[in-house]
Amino acid sequence: MQKLEWDDSYATGFAALDEEHKMLFGFINDLRETLLGRKGKEVIEKVLEGLLDYTNGHFFNEEILLYKLHYPEYYAHKAAHEKFLSEVRGYYVTFKAGDADSKLISAEITAVVTEWLQEHIMKVDKAYVPFLKSKGVR
Ligand SMILES: [Fe+2]
Ligand SMILES: [Fe+2]
């Protein structure tokens, strides 16, 4: 799988949110590295925990901002975040329980989160850009 490279096509134009998205790219690349480097279960676990934690924080930041400004798609956006989190948490539990081959499951997680994040930023996050701009957010 390709390393996730940040470029301007991902930019929402809101510096704080873009920084958080870049951090998420970083976590996903770290996860990918742990796979390529044949790192142990503990390292993968740490990276996954970091990813879950950071994602949770980022989703909160977005949701608070969108809620505060009465974004019309707020609930749909929040639901997309929740679905993703619950999916990754599910993987994490399986992984942690040792119920699956850790290499296989971490490869699967990496593929799923990579694709999800790219798609979410490009379509769902970018959809709030005109709205936030119209509300004077910079
Ligand atoms: Fe986002
Ligand atoms: Fe989002």
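Our subject is the structure that appears above.
Presented here is an overview of the structure given in this document.

About the thresholds
Residues numbered from 1 in each chain as written. Chains lettered and ligands numbered in written order. Predicted model: local features only at pLDDT ≥ 70, side-chain atom pairs only at ≥ 80, totals over all residues. Helix = DSSP H or I, 4+ residues; strand = E, 2+ residues; numbered from the N terminus. Expected span 1.5 Å × (residues − 1). Buried ≥ 20, exposed ≤ 12 C-beta atoms within 10 Å, placed from the backbone. Arc of directions from axis to C-beta. Core = buried A, V, L, I, M, F, W, Y, C linked by C-beta atoms within 7 Å. Contact = placed C-beta atoms within 7 Å. Bend = angle between axes of the 7 residues up to and from the residue.

Our next topic: helix α1 (residues 15-36). Its 22 residues give α1 an end-to-end C-alpha distance of 31 Å, which sits within 8% of 32 Å, the value for a rise of 1.5 Å per residue. If you check which residues of α1 are buried, you get Leu17, His21, Leu24, Phe27, Ile28, Leu31, Arg32 and Thr34. Buried residues of α1 fall within an arc of 160° about the axis and therefore sit on the same side. Exposed residues on α1 whose side chains face more than 90 degrees from its buried face are Ala15, Glu19 and Leu36.

Right, let's get into the nonpolar core. One finds Leu24, Phe27, Ile28, Leu31, Ile44, Val47, Leu48, Leu51, Phe95, Ile109, Val113 and Leu117 forming the largest nonpolar core, which totals twelve residues. Listed by contribution, the elements that provide at least two residues to this core are α1, α2 (41-68) and α4 (102-125). In this structure Ile109 touches Leu31, Val88 and Tyr91, once residues within four positions along its chain are discounted.

With that settled, the discussion passes to α4. Along α4, the largest kink reaches about 25° and is centred on Glu119. Its buried side turned inward, α4 meets α1, α2 and α3 (74-96).

It is worth spelling out unusual backbone geometry at this point. Even without glycine at this site, His70 takes up a positive phi of about 60°. Summarising the element assignment, His70 is placed in the loop between α2 and α3.

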